[in-house]
Amino acid sequence: MLRPIGRSLRHVTSSFRHNHHRTCSATYTTILHQSNSHLNLPTSSSLLPTYQCRYIATAASASVEPFNGRSNAVADTIDAYSAIELALDSVVKIFTVSSSPNYFLPWQNKSQRESMGSGFVISGKRIVTNAHVVADYTFVLVRKHGSPTKYRAEVKAVGHECDLAILTIESDEFWEGMKFLELGDIPFMQQAVAVVGYPQGGDNISVTKGVVSRVEPTQYVHGATQLLAIQIDAAINPGNSGGPAIMGDKVAGVAFQNLSGAENIGYIIPVPVIKHFVDGVEARGNYSGFCSLGLSCQPTENIQLRKYFRMRPELSGVLVSKINPLSDAYKVLKKDDIVLAFDGVPIANDGTVPFRNRERITFDHLVSMKKPNETAIVKILRDGEELDLTVTLHPLKPLVPIQQFDKAPSYYVFAGLVFIPLSQPYLHEYGEDWYNTSPRRLCERALRELPQKPGQELVILSQVLMDDINVGYERLADLQVKKVNGVEINNLKHMCQLVEDCKEDNLRFDLDDERVIVLNYSRARTATSHILKRHRIPSAMSNDMLTPSQVTNT
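Cut-offs and rules
Residues numbered from 1 in each chain as written. Predicted model: local features only at pLDDT ≥ 70, side-chain atom pairs only at ≥ 80, totals over all residues. Heavy atoms only, no water. Helix = DSSP H or I, 4+ residues; strand = E, 2+ residues; numbered from the N terminus. Buried < 20%, exposed > 50% of the residue type's maximum accessible area, 1.4 Å probe, protein only. Contact = heavy atoms within 4.5 Å. Polar contact = N/O pair within 3.5 Å; in protein donor to acceptor, adjacent residues only side chain to side chain. Core = buried A, V, L, I, M, F, W, Y, C linked by side-chain atoms within 4.5 Å. Pairing = 2+ DSSP bridges. Salt bridge = Lys/Arg side-chain N within 4 Å of Asp/Glu carboxyl O.

Q: How do you make sense of the environment of Tyr412 when you look at a structure like this?
A: Position of Tyr412 among the secondary structure elements: in strand S24 (residues 412-414). The class for Tyr412 is buried, based on a relative accessible area of 1%. Along the backbone, Tyr412 and Met545 are 133 residues apart, and their C-alpha atoms lie at a distance of 7.7 Å. Once residues lying within four places of it in the same chain are set aside, the contact partners of Tyr412 are Leu417, Val418, Phe419, Leu492, Met495, Cys496, Val499, Glu500, Ala540 and Met541. Looking at Tyr412, its side chain comes within polar contact range of the side chain of Glu500, at 2.5 Å.

Quick look at the structure:
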């Protein structure tokens with residue numbers, strides 16, 4: 001199972017304690033949403049991001065070609081020394097204090113923790129590291145090699161999807177003597193790389209050697225997405241996250257995760273993904289995401305399937321089975337179209353395209369490397385006729401968010417009823433085996449349903465804080481809210497407005513399974529204030545639910 005190798009953790013004083021009947025595990029399973037992958041190809045059904053990783057890898061002995069006629073050992077030594085020389089003035093150690101939200105009690109945070117990772121300096125006085133190194137941060141410090149001083153850092157941009165982040169430091173003293181690393185290219189198989197960072201087990205900089213084993217789209221554990229990654233056999237351990245993998249005198253990638261239960265299998269983020277992230281931040285000032293066609297496709301490897309859709313022997317492609325209604329492809333493509341080529345690159349029946357020297361990767365990579373609002377020419381076969389269609393690409397958000405770092409959860413409390421938008425982090429609170437222990441209906445909707453309109457959310461009644469006003473409704477938790485006083489809701493903010501603006505004597509909520517909650521509106525509003533006080537809840541709603549007038553009053 002893949003997992004981010006990233007942060008050496010140690011817990012500090014808890015900011016709160018509670019004895020809620022459902023406990024959260026620090027280890028959870030993340031399952032990819034269908035909209036993140038264009039192909040329903042056989043993949044691992046689950047990911048296990050374990051942030052408190054044990055030390056699992058050992059130093060890898062890399063086998064390389066003779067260097068200018070000298071022995072492999074001499075060549076390795078020279079490469080290692082070169083990597084060290086580059087790293088001493090370029091690679092930094094990052095200290096993060098973070099506090100993640102409690103999705104069962106969304107007005108509280110979990111216990112504060114300290115973690116450590118690595119990073120490296122690029123042009124423009126910026127530091128590149130992993131997103132999971134600074135996820136849910138409250139305070140970030142950076143220390144350069146050979147210095148006892150830690151400098152305050154600001155997080156300029158974070159791309160949790162691609163597990164990358166950019167830090168900046170205002171102190172001129174920090175930048176004295178620092179050297180910027182240049183981004184190189186994707187290494188070929190069996191090329192040697194040196195991974196530099198600050199793994200656990202010591203305080204000083206560390207360099208490990210390895211070779212490239214394969215290059216292909218891989219599940220990114222932290223962001224629960226599939227992007228291009230490089231597999232190497234160098235030792236990558238907790239604390240290495242965010243450190244560069246150096247080939248020659250340039251960066252070949254960023255260390256970010258490893259494969260548990262395997263010997264010396266680590267992964268680095270390749271330069272095309274890094275450049276896509278950095279260039280996007282430079283162009284737009286913040287991270288906007290990776291593009292998606294919004295398609296779910298099926299391979300056409302079966303000859304009877306190809307004959308049914310009138311595919312001639314010389315044609316190959318994949319079958320469109322589902323289209324995201326919010327994508328531009330929804331206006332252009334149709335179910336049962338055969339996608340033959342993307343921007344002139346033929347797609348094989350298994351959904352792959354040519355890549356470098358007789359390698360093949362899924363065509364998702366071509367899509368993900370497009371910039372937001374760029375167009376692509378998609379060649380399709382429809383009813384036996386070949387068509388060239390233009391599709392505009394942009395990042396797409398799933399109906400149920402897969403991850404929600406660096407932001408407080410949304411919530412609304414009325415008469416002791418706690419309403420939240422459904423998210424996978426909420427389901428993760430059910431523990432390591434959340435796929436089997438969380439409410440089955442919510443889990444299926446989180447993984448399979450697509451949004452039908454912009455801004456749509458699945459609003460659920462997460463729990464009932466007991467009071468006289470809601471007696472008899474306590475067993476209706478974890479049901480989706482469909483309507484308020486007969487009005488179908490779009491999202492939590494819409495529902496909040498409908499409740500706050502209610503002019504009727506009674507307030508009715510229509511839930512899943514045709515369940516109904518009816519409250520006397522005036523009594524419910526009165527009850528809300530003392531319920532909040534009893535449970536020490538600072539506000540009846542999260543800040544993003546407040547109207548401009550409410551923000552002004554507070």
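From this point, things continue past the structure.
Q: Got a minute to help me understand the environment of Gly210 in this structure?
A: With respect to the secondary-structure elements, Gly210 resides in strand S11 (residues 206-220). Judged by relative accessible area, which is 0%, Gly210 ranks as buried.

Q: What is the right way to look at the nonpolar core in this model?
A: Among the nonpolar cores identified, the biggest contains 65 residues, and Leu164, Ile232, Val273, Leu295 and Phe342 are the most heavily contacted of them. Residues in contact with Leu164, not counting those within four places in the same chain, are Val128, Thr129, Asn130, Ala131, Val158, Gly159, Val254, Ile269, Val273, Ile274 and Phe277. Core analysis: the second largest hydrophobic core is formed by 57 residues, Val400, Ala540, Met541 and Met545 among them.

Q: How do you make sense of the pairing of strand S21 (residues 359-362) when you look at a structure like this?
A: Working note: regular strand, side chains alternate between the two faces of the sheet. Note that strand S20 (residues 352-355) and S21 share four bridges and pair antiparallel. In the sheet register, Thr352 faces S21, and the bridge partner there is Thr362. The turn linking S20 back onto S21 is made up of three residues, and Arg356 within it adopts a positive phi angle of 55°.

Q: Looking at this model, I keep getting lost on helix H9 (residues 440-448). Mind explaining?
A: Given 3.6 residues per helical turn, the α-helix brings residues three or four places apart onto the same face. Residues of H9 that are buried include every one of Leu442, Cys443, Arg445, Ala446 and Leu447, and no others. Those residues of H9 that are buried lie in contact with helix H7 (424-428), helix H8 (434-437), strand S26 (459-464) and strand S27 (479-484).

Q: Mind showing me how you'd approach the pattern of salt bridges here?
A: Side-chain pairs of opposite charge can arise whenever the charged atoms involved come near each other. Inspection of every chain in the model, using the stated rule, returns 25 salt bridges. A salt bridge links Asp512 to Lys482, with the shortest nitrogen-to-oxygen separation between them at 3.3 Å. Of this pair, Asp512 sits in the loop between strand S29 (506-511) and strand S30 (516-520) while Lys482 is found in strand S27, placing the two residues 30 residues apart along the sequence. According to the relative accessible area criterion, Asp512 is buried, its value standing at 3%. Where Arg525 meets Glu500, a salt bridge forms, and the shortest distance between an N and an O atom there is 3.4 Å. Of this pair, Arg525 sits in helix H11 (residues 521-534) while Glu500 sits in helix H10 (residues 492-500), placing them 25 residues apart in sequence. Accessibility expressed as a relative area gives 26% for Glu500, which makes it partly exposed.

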